[in-house]
Amino acid sequence: MCPEVLGGLAIPRPPAEIVNGLVRQKNGISVDNEFKKGAQKALNIIKKNKIGLVILQSRSPSCGVNNVYDGSFTGKLIEGKGAFARILEENNIEVIDVEDL
């Protein structure tokens, strides 16, 4: 499942990164609410289905587990978690990065 799509964002969509704590597209438009809404919807599905482990995509502002892009849209990575990874961990759902498989 894709939390961003559950939050109402289209495919394809402009690149987004976490900028000063909020998810913004490269064009400056905030999509933070959509990311949070989608993360909550995805969490509800996970809880309903009693899923205990979620494998997430690396570096995403939603699914990044270990690293995310730094918000400069230059490809630079920093330690951090995406919005969905964070909400899963806050709810004691185990997450792993797909690259750690």
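Everything here concerns the structure above.
Numbers given to residues run from 1 along each chain, matching the order in which its sequence is written. Where local features are concerned, this predicted model is filtered to residues with pLDDT of at least 70; where side-chain atom pairs are given and counted, the filter is 80 or more; whole-chain, interface and lining totals use all residues. Side-chain numbers come from the whole structure's heavy atoms, not from hydrogens or water.

## Let's talk about unusual backbone geometry
Peptide bonds are mostly trans, and most non-glycine residues show a negative phi. In this structure, the amide linkage connecting Ile-11 to the following residue, Pro-12, adopts the cis form with an omega of -10°. Inspection of the secondary structure puts Pro-12 in the loop between α1 (3-6) and β1 (16-19). A positive phi angle, close to 55°, is found at Lys-50, a residue other than glycine. Think of it in three bands: residues with accessible area under 20% of the maximum for their type are buried, residues over 50% are exposed, and the middle band is partly exposed, with areas taken using a 1.4 Å probe on protein chains only. Accessibility expressed as a relative area gives 74% for Lys-50, which makes it exposed. Look at Phe-73: it is not a glycine, yet its phi comes out positive at around 60°. Positionally, Phe-73 belongs in the loop between β4 (67-69) and β5 (77-79). Secondary structure is summarised from DSSP: a helix means a run of H or I of at least four residues, a strand means a run of E of at least two, and numbering begins at the N terminus for each.

## Quick notes on helix α2 (residues 32-48)
Multiplying 1.5 Å by the residue count of a helix minus one yields the expected span of that helix. Counted at 1.5 Å a residue, the expected span for α2 with its 17 residues is 24 Å, and the 24 Å between its end C-alpha atoms agrees. Listed as buried for α2 are Asp-32, Phe-35, Gly-38, Ala-39, Ala-42, Leu-43 and Ile-46. Take α2 and look down its axis: the buried residues cluster within an arc of 140°, on one side only. Exposed side of α2, more than 90 degrees from the buried face: Asn-33 and Lys-48 are the residues found there. Residue contacts are defined here by distance: any two heavy atoms, one from each residue, within 4.5 Å place the two residues in contact. On its buried face, α2 is in contact with α1, β1, β2 (22-25), β3 (53-56) and α3 (83-90). Among the residues trailing α2, Lys-50 stands out with phi positive, at a value near 55°. When we speak of the arc, we mean the arc of directions from the helix axis to the C-beta atoms.

## Comments concerning the pattern of salt bridges
Definition used for salt bridges: Asp or Glu carboxyl oxygen within 4 Å of a side-chain nitrogen of Lys or Arg. Across all of its chains, the model carries four salt bridges by this definition. When the shortest N-O distance is used, the salt bridge between Asp-32 and Lys-36 registers 2.9 Å. Taken together, the residues Asp-32 and Lys-36, both in helix α2 and four residues apart, mark about one turn of the helix. Residue Asp-32 is classed as buried on the basis of its relative accessible area, which comes to 7%.

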